[in-house]
Amino acid sequence: MGGGGVKELTQVRDAVISALQSAGLTALAAFPAERAKAYETTVAAVAVGTVQGRAMGFCNYLGEVRSEDGGETKELYGKQLEGVITVDVRGRRAADCEAGCETAAEALLGKLPSGIRPGELCWEALAWERETGMFLRRGRLQCRACFLAESREDGVEFLDFILKGVMTN
């Protein structure tokens, strides 16, 4: 089975970062650990890895959708990615790191877009990270991400897959 594309993984990562930021946690795309020292507050670094991808429907085809005004009809395609979201929470104090993990867990399990379906969330033990001089707790969330794409008006090609539940311009 094919894996997910970079665009899809980036959409999942960005959606997780947004959810963590909305919950009040400083969150960024994964970065070299030593960059964590630049932050006075607790900070979460987010990375996404794909386990596998699979088609939804026959060759990703889900059917047809009609525009809201009842005019044009477009074909709808979908795919799912099974993946693991890694969240490294670092804080200057152990209590800050633990509080950051609680905030992150609430966001990961209850505030992600509808296209990301959370599964099991596991946290490693709190550890002291010598290279940053900060406390670190790493979490891993198993998840399924659903993406949708519509055909263009001419029906010849279709638009990029967009994470379900995420607003686009």
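Remember, predicted model here, so these are calculated numbers, not experimental data. Note that residues are indexed from 1 along each chain, following the sequence as it is written. Confidence filtering applies because this is a predicted model: local features only for residues at pLDDT of at least 70, side-chain atom pairs given and counted only at 80 or more, and all residues used for totals across whole chains, interfaces and linings. Values shown for side chains rest on all heavy atoms present in the structure; no hydrogens or waters enter the calculation.

Draft legend 1. Layout of the overall build of the protein chain. Secondary structure summary: the protein chain contains 2 helices and 7 strands in total. Counting from the N terminus, the helices are the DSSP runs of H or I reaching at least four residues and the strands are the DSSP runs of E reaching at least two. The linear arrangement of helices and strands in the protein chain, starting from the amino end, is α-β-β-β-α-β-β-β-β. A burial count over the protein chain gives 38% of its 169 residues as buried. Here, two residues are considered to be in contact whenever any of their heavy atoms come within 4.5 Å of each other. Expressed as a percentage of contacts within the protein chain between residues at least 6 apart in sequence, the contacts between residues at least 24 apart total 65%. Only protein chains enter the accessibility calculation, which uses a 1.4 Å probe. A residue is then buried if its area is under 20% of the maximum for its type, exposed if over 50%, and partly exposed in between.

Draft legend 2. Region of interest: the side chain of arginine 90. If you trace the backbone, arginine 90 turns up in strand β3 (residues 73-91). For arginine 90, a relative accessible area of 4% puts it in the buried group. Pairing of N or O atoms within 3.5 Å defines a polar contact, subject to two protein rules: one partner must be a possible hydrogen donor and the other a possible acceptor, and residues neighboring in sequence count only if both atoms are side-chain atoms. A distance of 2.7 Å separates polar atoms of two side chains, one belonging to arginine 90 and the other to glutamate 129.

Draft legend 3. Structural view of empty space enclosed by the protein. Cavities and pockets were defined on a 1 Å grid built from protein atoms only: a cavity is a group of points that admits a 1.4 Å probe but offers it no way out, a pocket is an open group of points flanked by protein on both sides within 12 Å along at least five of seven lines, and a lining residue is one with an atom within 4 Å of any such point. Grid points are joined across faces, edges and corners, and a volume is the space filled by probe spheres set on the points. All chains considered together, the criterion is met by 1 cavity of 30 Å³ or more. For the largest cavity, the calculated volume is near 50 Å³. Only α1 (6-22), β2 (43-66), β3 and β6 (134-150) provide two or more residues apiece to the lining of the largest cavity. Three categories are distinguished: nonpolar for Ala, Val, Leu, Ile, Met, Phe, Trp, Tyr, Cys and Pro, charged for Asp, Glu, Lys and Arg, and polar for the others, with Gly belonging to the last. Of the residues assigned to the lining of the largest cavity, the class counts are 6 nonpolar, 3 polar and 1 charged.

Draft legend 4. View of helix α2 (residues 94-110). Helix length check: α2 (17 residues) gives 24 Å between terminal C-alpha atoms against 24 Å at 1.5 Å per residue, within 8%. Of the positions making up α2, those classed as buried are Cys97, Gly100, Cys101, Ala104, Ala105, Ala107 and Leu108. The secondary structure elements touched by the buried residues of α2 are α1, β3, β4 (116-123) and β6. Any helix carries an expected span of 1.5 Å times its number of residues minus one.

Draft legend 5. Focus on the nonpolar core. With 31 residues, the main nonpolar core has Val12, Val16, Leu20, Ile85, Val87 and Ile116 as its most contacted residues. When near neighbours in sequence (up to four residues on either side) are disregarded, leucine 20 contacts Leu25, Ala27, Ala44, Val46, Val87, Ala104 and Ala107. The criterion is simple. A nonpolar core is a set of buried Ala, Val, Leu, Ile, Met, Phe, Trp, Tyr and Cys residues joined through side-chain atoms within 4.5 Å. In terms of nonpolar packing, the next biggest core, distinct from the first, is built from 5 residues, Phe31, Val43, Ala45 and Met134 among them.

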